[in-house]
Amino acid sequence: MQILDGRKVASLILSELTNEVVLLNKKNVQPKLVIISVGENPASALYIRAKQHACKKIGILSDLLKFPENLTTEALISTIQSLNTDSSVHGIIVQLPLPKTISTPLVIRAILPKKDVDGFHAYNLGKMFLSTEFEDLAPSTPSGIVRLLEHYEITFEGKEVTVVGHSNIVGKPISVMLLNRNATVTICHIYTKDLAKHTRNAEILIVAVGKPGLITADMVRSGVIAVDVGINRLPDGSVCGDIDFLNVSKKATFITPVPGGVGPMTVACLLENVVKSAKRLNI
Ligand code: NAP
């Protein structure tokens, strides 16, 4: 069994990005990411800190705009519109989840697609849907998964892939990205009748649900490549994924740890989008 080491692969991506930022700086371009956060959410605060820390490490400026819980959809959209026209800003992300009183689809739609470095806008998702050639500002978690597996020379063509979870930010886009790479993809969700039947069929199993221990060793085949996207905080403060790592790792050929697997790759791919966007907006 081999660990898919997201920290190691992410640090390789970040060091390449550092060089690209230096080149941009020589052309008087300073890549800048603006993160918008609404209300108080300890998990979101942790993710934001990780993104800002990584930005600082590679020379990307990052601003955090914090708003109270009672912010309206209209006020948030108006902030986004002014960032859309601010030429010093190359990437805008709205930390999800937003409070229930705010319309997430309207807010995401307000972001200029060229600055949508999370890749959640319908325009960028639509491009990703067309084929690998059109993938542009692709969502960072699915991109991170693809990059991580590619680093370990894992191929997708003709593989049986099962994705558990069908969210717009992980499950659906990773399914499309792997379909574009000619995998045979099965997507499971809360209404799937026999989850284990589908997970056992998988040569590559990708789990993005948010339920600790959802995938047990009896639910995977020998030799599986297991990718755990879940991030769950346990009552003792420790963090784990959705896969029973200890037991599934005994049957797997490759497996991602949590933490240290998909998480760091997500951050690296997000920053890659910021650099891409800074380059393009300054051509
Ligand atoms: P989400 O929007 O809550 O989606 C969870 C998905 O899991 C939904 O499609 C849901 O189906 C499905 N589901 C729930 N219970 C299930 C069950 N028992 N069997 C099969 N499917 C089930 O979550 P998300 O944003 O995709 O995130 C998923 C997890 O990944 C979370 O732990 C999150 O923290 C983590 N995450 C990690 C990263 C990273 O960088 N590592 C990035 C993003 C998210 P229904 O919609 O039908 O209920």
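Residues numbered from 1 in each chain as written. Predicted model: local features only at pLDDT ≥ 70, side-chain atom pairs only at ≥ 80, totals over all residues. Heavy atoms only, no water.

Caption draft 1: Structural context of the site of the ligand. What surrounds the ligand is a group of 22 residues, the closest being His166, Ser167, Ile190, Lys211 and Thr266. At a separation of 2.7 Å, an oxygen atom of the ligand approaches a polar backbone atom of His166. A distance of 3.3 Å is found between a nitrogen atom of the ligand and a backbone nitrogen or oxygen belonging to Val229. Notes on the ligand: free accessible area 920 Å², of which the protein chains cover 72%. A total of three residues in the shell around the ligand trace back to one element, the largest contributor, which is helix α10 (residues 262–281). Partitioning the shell around the ligand into residue classes produces twelve nonpolar, nine polar and one charged. (Near = heavy atom within 4 Å. Polar contact = N/O pair within 3.5 Å; in protein donor to acceptor, adjacent residues only side chain to side chain. Areas by Shrake-Rupley, 256 points an atom, 1.4 Å probe, with all protein chains shown as cover. Helix = DSSP H or I, 4+ residues; strand = E, 2+ residues; numbered from the N terminus. Nonpolar A, V, L, I, M, F, W, Y, C, P; charged D, E, K, R; others polar.)

Caption draft 2: Structural context of the sheet that holds strand β11 (residues 254–255). Reading across the sheet, the six strands line up as β1-β11-β8-β7-β5-β6 and stay open at both edges, with parallel pairing between neighbours. Looking along the sheet, the strands with just one partner apiece sit at the ends: β1 (2–3) and β6 (184–188). Here two bridges tie β1 to β11, and the two strands are oriented parallel to one another. Its bridge partner lying in β11, Gln2 is registered against Phe254. (Pairing = 2+ DSSP bridges.)

Caption draft 3: Examining the nonpolar core more closely. One finds Leu4, Leu33, Ile60, Leu149, Ile206 and Leu271 to be the most contacted residues of the largest nonpolar core, which totals 51 residues. In terms of residue count, α10 provides more of this core than any other element does, nine residues in total. When sequence neighbours within four positions are dropped, the list of residues in contact with Leu149 reads Leu4, Ile154, Phe156, Ile204, Ile225 and Val227. Counting 17 residues, the second largest nonpolar core, distinct from the first, contains Leu205, Met219, Val220 and Ile255. (Core = buried A, V, L, I, M, F, W, Y, C linked by side-chain atoms within 4.5 Å. Buried < 20%, exposed > 50% of the residue type's maximum accessible area, 1.4 Å probe, protein only. Contact = heavy atoms within 4.5 Å.)

Caption draft 4: Spotlight on the pattern of salt bridges. Across all of its chains, the model carries seven salt bridges by this definition. Here Glu40 ties to Lys66 by a salt bridge, and the two come within 3.8 Å at their closest N and O atoms. Here the residue Glu40 occupies a position in the loop between β2 (32–38) and α2 (42–58), and Lys66 occupies one in strand β3 (residues 61–67), the gap between them amounting to 26 residues. Exposure class is identical for Glu40 and Lys66. Each is exposed. Linking Glu135 and Arg181 is a salt bridge whose minimum nitrogen-to-oxygen distance equals 3.0 Å. Here Arg181 lies in the loop between α7 (171–180) and β6 and Glu135 lies in the loop between α5 (122–130) and α6 (140–151), a separation of 46 residues in the sequence. A single salt-bridge network, built from bridges that share partners, covers Lys127, Asp136 and Arg280. (Salt bridge = Lys/Arg side-chain N within 4 Å of Asp/Glu carboxyl O.)

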